[in-house]
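Reading the structure
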Amino acid sequence: MVNKMEKPGLTQFVVYALLILWASTTILPLLWVLLNSFKSSEEILTQSFAWPESFAFSNYLKLNEYGNINIVKGFMNSMLISGSVVFGVALFGGLASFILARFSFRGKKYFTFLFVICMLLPQFAVIIPNFIIIEKIGLNGTYLSVILPQVAGNLSFAIIMMTAFMASLPGELEEAAVMDGASIWKIFYRITIPLCMPIFATVSIMVFLWSYNELLLPLVYLPIRDMQPISVLLSLVSNAYGTDYGAMMAAITISIIPLLVLYMFSQETVIKGLTAGAVKG
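Keep in mind the model is a prediction, meaning the values are calculated, not measured. Starting afresh in each chain, residues are numbered from 1 along the sequence in its written order. The predicted nature of this model means local features are confined to residues of pLDDT at least 70 and side-chain atom pairs, given and counted, to a pLDDT of 80 or more, with totals for whole chains, interfaces and linings taken over all residues. Water and hydrogen atoms play no part in the side-chain values, which are based on all heavy atoms of the structure.

1. Describing the overall build of the protein
Heads up, the condition is: Numbering of helices and strands starts at the N terminus; helices are DSSP runs of H or I of at least 4 residues and strands are runs of E of at least 2. Remark: exposure states derive from per-residue accessible area (1.4 Å probe, protein chains only) relative to the maximum for the residue type, with buried under 20%, exposed over 50%, and partly exposed in between. Contact between two residues is taken to exist if any of their heavy atoms lie within 4.5 Å; hydrogens are not considered. What sets the accessible areas is the Shrake-Rupley method with a 1.4 Å probe; for residues, cover comes only from the shown protein chains.
Secondary structure assignment for the protein yields 13 helices and 0 strands. Buried residues in the protein amount to 37% of all 281 residues. Restricting the contact set of the protein to residue pairs at least 6 apart, pairs at least 24 apart contribute 76%. Carbon and sulfur atoms form 71% of the exposed surface of the protein, whose accessible area is close to 17,000 Å².

2. Regarding the nonpolar core
For clarity, the threshold we go by: What is meant by a nonpolar core is a set of buried Ala, Val, Leu, Ile, Met, Phe, Trp, Tyr and Cys residues, joined one to another through side-chain atoms within 4.5 Å.
Among the nonpolar cores identified, the biggest contains 54 residues, and Leu63, Val85, Val89, Cys196, Ile199, Phe200 and Val203 are the most heavily contacted of them. Contributions of two or more residues to this core are made by helix 4 (71-102), helix 6 (127-136), helix 7 (144-167), helix 9 (184-195), helix 10 (197-212), helix 11 (216-221), helix 12 (230-240) and helix 13 (245-276).

3. Quick notes on the packing of aromatic side chains
So the rule is basically this: What counts as a ring pair is set by centres within 6.5 Å for rings of Phe, Tyr and Trp (its six-membered ring), and what kind of pair is set by the plane angle: stacked under 30 degrees, edge-to-face over 60, tilted for all other angles.
The tally for this structure, following the rule as stated, stands at 11 aromatic pairs. A ring pair is formed by Phe38 and Tyr60, whose centres lie 5.8 Å apart and whose planes are at 50°; its orientation type is tilted. Highlighted residues: Phe38 in the loop between helix 1 (2-36) and helix 2 (41-46) and Tyr60 in helix 3 (residues 58-62), separated in sequence by 22 residues. Ring centres of Phe57 and Tyr60 lie 6.2 Å apart, and the angle between their planes is 45°; this geometry places the pair in the tilted category. The structure contains a cluster of three or more aromatic residues connected by ring pairs, namely Phe38, Phe57 and Tyr60.

4. A short note on the packing of helix 8 (residues 172-179) against helix 9
Operational definition: Axis definition: a line fitted to C-alpha atoms, limited for helices to the stretch in contact. Angles are taken between N-to-C directions and run from 0 to 180 degrees. To sort the angles, those under 35 degrees are grouped as roughly parallel, those over 145 as roughly antiparallel, those from 65 to 115 as roughly perpendicular, and the leftovers as oblique. Two helices crossing with the near one rotated counterclockwise from the far one by less than a right angle form a left-handed crossing, whereas a clockwise rotation gives a right-handed crossing. Any residue outside Ala, Val, Leu, Ile, Met, Phe, Trp, Tyr, Cys, Pro, Asp, Glu, Lys and Arg is labelled polar, Gly included; the first ten of those are nonpolar and the last four are charged.
One way to put it is that helix 8 packs onto helix 9 with a least axis distance of 11 Å and a crossing angle of 160°. Comparing the axis directions of helix 8 and helix 9 gives the class roughly antiparallel. Crossing hand, helix 8 versus helix 9: right-handed. Here helix 8 contributes Leu173, Glu174, Ala177 and Val178 to the contact with helix 9, which in turn contributes Ile187, Ile191, Thr192 and Leu195. Looking at the contact of helix 8 with helix 9, its residues break down into 6 nonpolar, 1 polar and 1 charged.

5. Thoughts on the side chain of Thr192
As for its placement among the helices and strands, Thr192 is situated in helix 9. Excluding residues within four positions of it along the chain, Thr192 makes contact with Phe98, Met166, Glu174 and Ile187.

6. Concerning the environment of Val207
Within the secondary structure, Val207 sits in helix 10. In sequence terms Val207 and Val89 are 118 residues apart; their C-alpha atoms lie 8.1 Å from each other. With near-sequence residues (within four places) excluded, Val207 lies in contact with Val85, Val86, Val89 and Asn154.

7. Describing helix 9
Because the α-helix completes a turn every 3.6 residues, residues three or four places apart line up on one side. We count it as follows: Given a helix with a known number of residues, its expected span is that number minus one, times 1.5 Å.
Between its terminal C-alpha atoms helix 9 stretches 15 Å, which fits the 16 Å expected from 12 residues at 1.5 Å a residue. Lining the buried residues of helix 9 we find helix 4, helix 7 and helix 8.

8. A look at helix 10
For helix 10, which comprises 16 residues, the first-to-last C-alpha distance of 22 Å matches the rise-based estimate of 22 Å (1.5 Å per residue) to within 8%. Within helix 10, burial applies to Pro198, Ile199, Phe200, Thr202, Val203, Ser204, Ile205, Val207, Phe208, Ser211 and Tyr212.

9. Examining the side chain of Gln150
Take Gln150: it is sitting in helix 7. In this structure, Gln150 is in contact with Ile81, Val85, Ser211, Glu214 and Leu217, ignoring residues within four places of it in sequence.

10. Digging into the packing of helix 4 against helix 9
Interaxial distance between helix 4 and helix 9 falls to 12 Å at its minimum, and their mutual angle equals 110°. One element, helix 4, and the other, helix 9, form an angle in the roughly perpendicular class. Considering the relative orientation of helix 4 and helix 9, their crossing is right-handed. For the pair helix 4 and helix 9, contact is made by Gly94, Leu95 and Phe98 and by Ile184, Trp185, Ile187, Phe188 and Thr192, respectively. Split by residue class, the contact of helix 4 with helix 9 holds 6 nonpolar, 2 polar and no charged.

11. What to know about the confidence of the model for the protein
Convention followed: Every residue gets a pLDDT, meaning the predictor's confidence in that residue, from 0 to 100.
When pLDDT is averaged across the protein, the result is 82; 88% of the residues are at 70 or more. The least confident element of the protein is helix 12, whose mean pLDDT is 71; the most confident is helix 7, at 92. Residue range residues 1-6 is modelled with pLDDT below 50. Its contacts to residues more than four positions away, or to other chains, number 0 contacts.

Shown next, in the form of structure tokens:
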């Protein structure tokens, strides 16, 4: 009896130790950036891993002195772009996943293979064709020039995740709804969507994080400074003021605050969405 009680305890200790080590690989860099945001550039170069001599907010105030950088406007642009991308991916991904999960048609099995291929395709391979298309339809320099490619690029991931989740739902509910005279559209938004809220939330959060951190597309398609998201403004700080490491650390700290808040409030939803479809039925 004693041995049976000791083994789970030892296993649990090893698991928690590994999880703490893994978490430290993410937490420690964040703390390092936060602490260095209160240091001067000279102190960062000479005492990068030491405790700040004094917690000064001069680096944060310095960001407002640069006329070509508007942090508030950058946040608003990021929220607009990322929110629109999430809406588009959830809408089109949900509709496509519902068809793939609940209908049978010729060539259906090839769609999953096609979506996997699209996920493996690097963004740099399609940047030139996308630019030509965006230029010809007159969307260059608009928010849609960044939103539409991101929606298309994230749809493959969303469809694969949502299709697996919807396929695990019991079909008896839909059969009962059909017997009651419900249409396909009513089944989708009255039954399927409420049951699939965990996976919709999971996909939306992950897509939002990817879109928020996107740098290449805004640099290519949004030459107007007032329309650029926060990720582009961070690159401007590092390029134009590359020696001012304190300002760089302050800008990075400001940019990751929304992501940390979003993750803290949504981590349970992400885990639930990733694991809920693992068990059939």
